[in-house]
Each structure stands twice: as structure tokens, then as C-alpha cells.
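# Notes for the structure review
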Amino acid sequence: MTHYLESPNPEPFITLIAADDHGVVCRGLTALLSSAPDIKMLATTASGREAVELSAVLLPNVVLMDIVMPDMDGIEATKCIKKLSPRTHIVILTSLETEQTVVEATQAGALSYLLKDTDPDELVAAIRAAGRGESTLSPRIATLLMGAMSRRRSDRALHDALSDREMQVLLLLAQGLANLLIAEKLGIGEKTVKSHVSNILSKLYLTDRTQATAYAWRHRLLT
């Protein structure tokens, strides 16, 4: 069942949808975030499919996404939301901490990956960071990603996971273009470019534009 809590709010509020099939989790998140004046919970849902539908209509800044849910899991829902609303940042909040799940969520477009034992204050900070397009990882998840990155570097090029549009943005970024110029060249919004850059950094396991530029040149992606 979907629970609508607020109408969409303009900035500077961070608008949020929470998707978790455990009602107690959604109620806890609602109670926790009620004391954060800069975060507005728009809706909660127990369904991955409904999370996609809500995101397409409400266009939240952030979606808190569980992995295991009925009818559509959180990874598939993340893929769908990123296609429908590229500016929406996905924060995975789950009990699962396997390397495969972490990698799949990252490749699906998740910006952050947190475990449900995350301290409440750290969770609120991660939501605010996601609102700025900044990634947050639970320490154990960061360790898993580092191991996956080390192994996968020898298996295949990480940039194979980039979409065509993300590759276009990476190549322009590597040429030193700012987000505004990239947006003008590709005919898209500057905020959309920022979202693509965040996805690129996440998929390539990088932390900033400088590393992305070095990656593009090191792998001879530019001619």
C-alpha cells in the first residue's frame, strides 16, 4: 500500500520516497525524518513497481530503496527509475551485503549503498549527501566494492557498463568541458548532466572528475 505524506516541495527541500516492504521500516523512517526540516517524505511504498510509478510522477530528489521487495526487486526498480527520472538519486538501504548485490546495485545506477544497521544520524547525512549528488557507502560495503573493483579490472573494462549517453558525457568531460557546455552540446539539462556524471563515477568506482578524465585517457577512449 502506498502512503502519501507530503506534496512535492520546491528546493531547498530534499524530496524523498521510501520503498520497503516492511511497514515498521517505513514508519521508522517517517518518524526519523520528521525532525529534519530540509527533508520532505513524499510517499512510502512496499512495492518496487510502485516505487517506479511514484518516482515517475513525483520526481523526488532521492529514493530510499530496499533490495528484496514483491513484484519488482530494488535493483530492477533502480534501473527503471534512473531511466524515467535521471535526476533522482537512489540510496540503497538493505540488510544484504554480498559483493554481487552491491555491484549489481551500483551498475543499475544506485548512488549510495547503506546497511540497515546504519546509525540514524549517518542515514540522514547520507540522504542530504544524495540530494547534492554525493555518494555514501557503509564501511563494509566500501570494502566489498574495493575487492570487486580489484577483480573486475582484470576481467573487463568497467566502462562497458556505461550507457551510450553516459559514454558521451564521459568523453566530453575528459576533454575538459564543464557541465553547462556538455549540456549545450548534447541538448540536455545541466542537472541531467550532473546526474550522468554521478552515475559514471559510481560505475567506474571513481571519486571525482579528474579521475574520470584520467580513466578515459588511460583506456584510450578518446581519439
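Further up the page is the structure itself.
So, a few notes on the structure that sits alongside this text.

Criteria and cut-off values
Residues numbered from 1 in each chain as written. Predicted model: local features only at pLDDT ≥ 70, side-chain atom pairs only at ≥ 80, totals over all residues. Heavy atoms only, no water. Core = buried A, V, L, I, M, F, W, Y, C linked by side-chain atoms within 4.5 Å. Buried < 20%, exposed > 50% of the residue type's maximum accessible area, 1.4 Å probe, protein only. Helix = DSSP H or I, 4+ residues; strand = E, 2+ residues; numbered from the N terminus. Contact = heavy atoms within 4.5 Å. Arc of directions from axis to C-beta. Axes fitted to C-alpha atoms, helices over the stretch in contact; angles between N-to-C directions. Parallel < 35°, antiparallel > 145°, perpendicular 65-115°, else oblique. Nonpolar A, V, L, I, M, F, W, Y, C, P; charged D, E, K, R; others polar. Phe/Tyr/Trp six-rings, centres within 6.5 Å; stacked < 30°, edge-to-face > 60°. Lys NZ or Arg CZ within 6 Å of the ring centre and 35° of its normal. Pairing = 2+ DSSP bridges.

This next bit is on the nonpolar core. Ranked by size, the top nonpolar core spans 51 residues in total, and within it Met 65, Ile 92, Tyr 113, Leu 170 and Ile 182 carry the most contacts. For this core, the element with the highest residue contribution is helix α7 (residues 164-174), accounting for five residues. If we ignore the near neighbours within four places in the chain, the residues touching Ile 182 are Val 169, Leu 172, Leu 173, Leu 177, Val 193 and Arg 209.

Here we come to helix α8 (residues 179-186). Looking at α8, one finds that the buried residues are Asn 179, Ile 182, Ala 183 and Leu 186. Looking straight down α8, one finds its buried side chains confined to an arc of 100 degrees; they lie on one side. Set apart from the buried face of α8 by more than 90 degrees, the exposed residues are Glu 184 and Lys 185. Among the structural elements, α7, α9 (190-203) and α10 (209-218) are those in contact with the buried residues of α8. Where α8 ends, the next residue or the one after it, Gly 187, has phi of about 70 degrees, a positive value.

The N-to-C vectors of helix α2 (residues 48-58) and helix α3 (residues 74-84) enclose an angle of 10 degrees; their axes lie 9 Å apart at closest approach. For the element pair α2 / α3, the angle class is roughly parallel. Residues Gly 48, Ala 51, Val 52, Ser 55 and Ala 56 of α2 lie in contact with α3, whose contacting residues are Ala 77, Cys 80, Ile 81 and Leu 84. Of the residues in the contact of α2 with α3, the class split is seven nonpolar, two polar and no charged.

Let's shift gears to the packing of aromatic side chains. One pass over the full model with this rule turns up zero aromatic pairs. Over the aromatic face of Phe 13 sits the side chain of Lys 40, whose NZ or CZ is 5.2 Å from the ring centroid.

We now examine the pairing of strand β2 (residues 14-19). Among the six residues in β2, six count as buried, and that is most of the element. In this structure, β2 lies alongside strand β4 (residues 62-65), joined through four bridges in parallel fashion. Across the sheet, Ala 18 pairs through a bridge with Leu 64, a residue of β4.

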